[in-house]
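Here is how the chains run, residue by residue.
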Amino acid sequence: MDVKEIIRILDEKGEVSLETWKAVSVKKNVDGTVDILYKNLHVGTDDDPVFLWIYANVVEDDWDVRVLERITFKREDLAWLLRYVAKKKGEDL
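Residues numbered from 1 in each chain as written. Predicted model: local features only at pLDDT ≥ 70, side-chain atom pairs only at ≥ 80, totals over all residues. Heavy atoms only, no water.

Chemist: Looking at this structure, I do not really get the overall build of the chain. What am I missing?
Modeler: When you go through the chain residue by residue, the secondary structure sums to 2 helices and 4 strands. When the helices and strands of the chain are listed from N to C terminus, the series reads α-β-β-β-β-α. Taking 93 residues into account, the globule formula puts the C-alpha radius of gyration at 12 Å, and the chain, at 15 Å, lies well above it. Dimensions of the chain, computed from the C-alpha atoms along their principal axes, are close to 45 × 30 × 15 Å. In the chain, which comprises 93 residues, the share counted as buried stands at 27%. Sequence separation of 24 or more characterises 35% of the internal contacts of the chain that already satisfy a separation of 6 or more. Looking at the chain as shown, the accessible area adds up to about 6700 Å², and 53% of this sits on carbon and sulfur atoms. Of the charged side chains in the chain, 15 are positive and 20 negative; the average position of the first set lies 6 Å away from that of the second. (Helix = DSSP H or I, 4+ residues; strand = E, 2+ residues; numbered from the N terminus. Rg over C-alpha atoms; globule rule 2.2 N^0.38 Å. Buried < 20%, exposed > 50% of the residue type's maximum accessible area, 1.4 Å probe, protein only. Contact = heavy atoms within 4.5 Å. Areas by Shrake-Rupley, 256 points an atom, 1.4 Å probe, with all protein chains shown as cover. Lys, Arg positive; Asp, Glu negative; His and termini not counted. Charge placed at Lys NZ, Arg CZ, Asp CG, Glu CD.)

Okay, here's the thing in structure tokens:
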């Protein structure tokens, strides 16, 4: 299934409205899942955008896409997460 079809299915199922979110990046994984990054068209600014990350299972046999996980975040949230994840083992907050 191609990327445009995956995005269309998610829109038709009501999982992600293309009136609100624009797909900016898609990564197909070897295990039959996809990571899709969307940018909000109405909330946030160019300097401080709002993103939606969707992790979904592509079921080729049923011609379906099933959302497994979704996270909405801003760029500053990602920076905060990366600082936390990058901490050395054993460091306290």
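Text resumes after the structure shown.
Chemist: How should I be thinking about the pairing of strand β3 (residues 49-59) in this particular structure?
Modeler: Remember that side chains alternate between the two faces of the sheet whenever the strand is regular. Counting buried positions along β3 yields 8 of 11 residues, so the element is predominantly enclosed. Relative to β3, strand β2 (residues 33-44) is paired through 8 bridges, and the arrangement is antiparallel. For Val-34, the partnering residue across the bridge sits in β3 and is Ala-56. In textbook terms, the turn of a hairpin is the stretch between consecutive antiparallel strands, and for β2 and β3 this stretch comprises 4 residues. (Pairing = 2+ DSSP bridges.)

Chemist: I would appreciate a short explanation of the nonpolar core in the present structure.
Modeler: Side chains of nonpolar character tend, in soluble globular proteins, to be buried together. With 16 residues, the main nonpolar core has Ile-6, Tyr-38 and Val-65 as its most contacted residues. Per-element accounting of this core gives the leading share, 5 residues, to β3. (Core = buried A, V, L, I, M, F, W, Y, C linked by side-chain atoms within 4.5 Å.)

Chemist: Can you walk me through the sheet that holds β3 in this structure?
Modeler: Sheets are built from strands that pair by backbone hydrogen bonding, the pairs being arranged parallel or antiparallel. Pairing within the open sheet is antiparallel, and its 4 strands lie in the order β1-β2-β3-β4. Since the sheet does not close on itself, it has two edges, and those belong to β1 (21-28) and β4 (64-74), each with one partner. Averaged over neighbouring strand pairs, the angle between their axes works out to 20° when direction is ignored. One ladder, built from 7 bridges, connects β1 with β2; its direction is antiparallel. Looking at the pairing, Ser-25 lines up with Leu-37 of β2. (Axes fitted to C-alpha atoms, helices over the stretch in contact; angles between N-to-C directions.)

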